[in-house]
Each structure stands twice: as C-alpha cells, then as structure tokens.
Amino acid sequence: LGSSSPDSCVACGAGRYRSVPGASVSDDCGPCTPGSFSTGQGASTCDLCAAGSFQKAAGATDCANCTSGTFGSSPGLSACRNCRAGSFLVAQGATSEDRCSACPAGYVSGAGQGSCTPCEPGGFANS
C-alpha cells in the first residue's frame, strides 16, 4: 500500500476489504476471511468462494477447486468435504456428494480418494 495525499485515499489491497468509511491506516483494511476472497484493490466486501471451491487462508485473492475425492456443496467453504470411505471421485470442483461413486467389488478406498485400489492377492472386498 502506498501513502495517501491530503486530497486522495489509498485503496485497500487485494485480499483485504473495508466496509465502512473513515479508514486512517492500512491496518483498517481487514483480510478476507477463509472461504472468501477479493481480487482487486479497493474492495468494500469479499466474495464467497463458489460451491465446488474453497479457500483455507485469510486474505486470499482467489479460491481453489475442490480436489479429486472431495466436494463442496455450498459457497464460502474453507475446506471441502471428503467422499466417504469405499467411494471415489476423479473430477475436481465437484459440488455434490452424489458425484462420489462406490468402488467396484474387489476394490477399496479411504475417505477423500480420487481412485480405488484393488485388493491384494489373498484378500477381498464386497461392493
């Protein structure tokens, strides 16, 4: 952030916002909370991350897609939810648990996995 002159104000930086008038120092600009972001300078609010994405850090300028094996069913998430154990999800940015698929017979997975693993010789798994 730069310094202001008597006849101009300095915009809050990206990832920060100020919702009320009268800021006197850069510390008056607060960071966007986890699950939200601001891309440009001078924001008066932060935008929520869209469903299927998240932001775990404060002061962010963007959001990331939920990774394989996870989904985000609502906006403003600071973390995505895992698909249940015994299921998988290849796609990124999923918005519903319905996108998680059950592992086929003979395959297993832990929670939050993007693929299933075949059972080792001598073992089995029902679907």
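The rules behind the values
Residues numbered from 1 in each chain as written. Predicted model: local features only at pLDDT ≥ 70, side-chain atom pairs only at ≥ 80, totals over all residues. Heavy atoms only, no water. Helix = DSSP H or I, 4+ residues; strand = E, 2+ residues; numbered from the N terminus. Buried < 20%, exposed > 50% of the residue type's maximum accessible area, 1.4 Å probe, protein only. Contact = heavy atoms within 4.5 Å. Areas by Shrake-Rupley, 256 points an atom, 1.4 Å probe, with all protein chains shown as cover. Disulfide = S-S within 2.5 Å. Core = buried A, V, L, I, M, F, W, Y, C linked by side-chain atoms within 4.5 Å. Polar contact = N/O pair within 3.5 Å; in protein donor to acceptor, adjacent residues only side chain to side chain. Salt bridge = Lys/Arg side-chain N within 4 Å of Asp/Glu carboxyl O.

Side note on the overall build of the protein chain
- Looking only at helices and strands, the protein chain has zero helices and twelve strands in total.
- Starting at the N terminus, the α and β elements of the protein chain follow one another as β-β-β-β-β-β-β-β-β-β-β-β.
- A total of 127 residues make up the protein chain; the buried ones form 28% of that total.
- Pairs at least 24 residues apart make up 39% of the contacts formed inside the protein chain by residues separated by at least 6 positions.
- As displayed, the protein chain offers around 7,600 Å² of accessible surface, 50% of which is attributable to carbon and sulfur atoms.

Examining the state of the cysteines
- By the definition in use, this model includes six disulfides.
- The disulfide bridge from Cys103 ends at Cys116, spanning 2.0 Å between sulfur atoms. Taking the torsion about the sulfur-sulfur bond, which here is approximately -85 degrees, the covalent link between Cys103 and Cys116 counts as left-handed. With Cys103 in the loop between strand 10 (101-102) and strand 11 (107-108) and Cys116 in the loop between strand 11 and strand 12 (117-118), this pair connects stretches of sequence that are 13 residues apart. The pair Cys103 / Cys116 is uniform in exposure class, with both members buried.
- What connects to what in the protein chain, once the bonded cysteines are numbered by sequence position, is 1-2, 3-4, 5-6, 7-8, 9-10, 11-12.
- In this model Cys119 remains outside any disulfide bridge; the closest cysteine sulfur is found in Cys103, 9.4 Å from its own.

Description of the nonpolar core
- Grouped together as the largest cluster of nonpolar side chains are five residues: Phe71, Cys83, Leu89, Ala94 and Cys100.
- The contact partners of Ala94, leaving out residues within four places of it in the chain, are Gly52, Cys66, Thr70, Phe71, Gly72, Leu89 and Arg99.

Brief notes about the environment of Ser96
- Locating Ser96 in the fold gives a position in the loop between strand 9 (87-88) and strand 10.
- Taking the relative accessible area as the measure of exposure, Ser96 reaches 23% and is therefore partly exposed.
- Within the structure, the side chain of Ser96 is placed 3.0 Å from the backbone nitrogen of Asp98, a separation counted as a polar contact.

Some remarks on the side chain of Ser36
- Structurally, Ser36 is set in strand 3 (residues 36-37).
- You can call Ser36 buried: its relative accessible area is 4%.
- Engagement of the side chain of Ser36 in a polar contact is seen with the backbone oxygen of Thr33, the distance being 2.7 Å.
- In this structure, Ser36 is in contact with Cys46, Asp47, Leu48, Cys49, Gln55 and Ala60, ignoring residues within four places of it in sequence.

Quick word on the side chain of Ser53
- Note that Ser53 resides in strand 5 (residues 53-54).
- From its side chain, Ser53 meets the backbone oxygen of Ala50 in a polar contact 2.6 Å long.
- Setting aside anything within four residues of it in sequence, one finds Ser53 in contact with Cys63, Ala64, Asn65, Cys66, Leu77 and Cys80.

So, the pattern of salt bridges
- Applying the stated rule across the entire model yields one salt bridge.
- A salt bridge links Arg84 to Glu97; the shortest N-O distance between them is 2.8 Å. Of the two residues, Arg84 sits in the loop between strand 8 (81-82) and strand 9 while Glu97 sits in the loop between strand 9 and strand 10, which places them 13 residues apart along the sequence.

A closer look at the environment of Pro75
- Tracing the chain through its elements places Pro75 in the loop between strand 7 (70-71) and strand 8.
- Residues Pro75 and Ala51 lie 24 residues apart in sequence; the distance between their C-alpha atoms is 4.4 Å.

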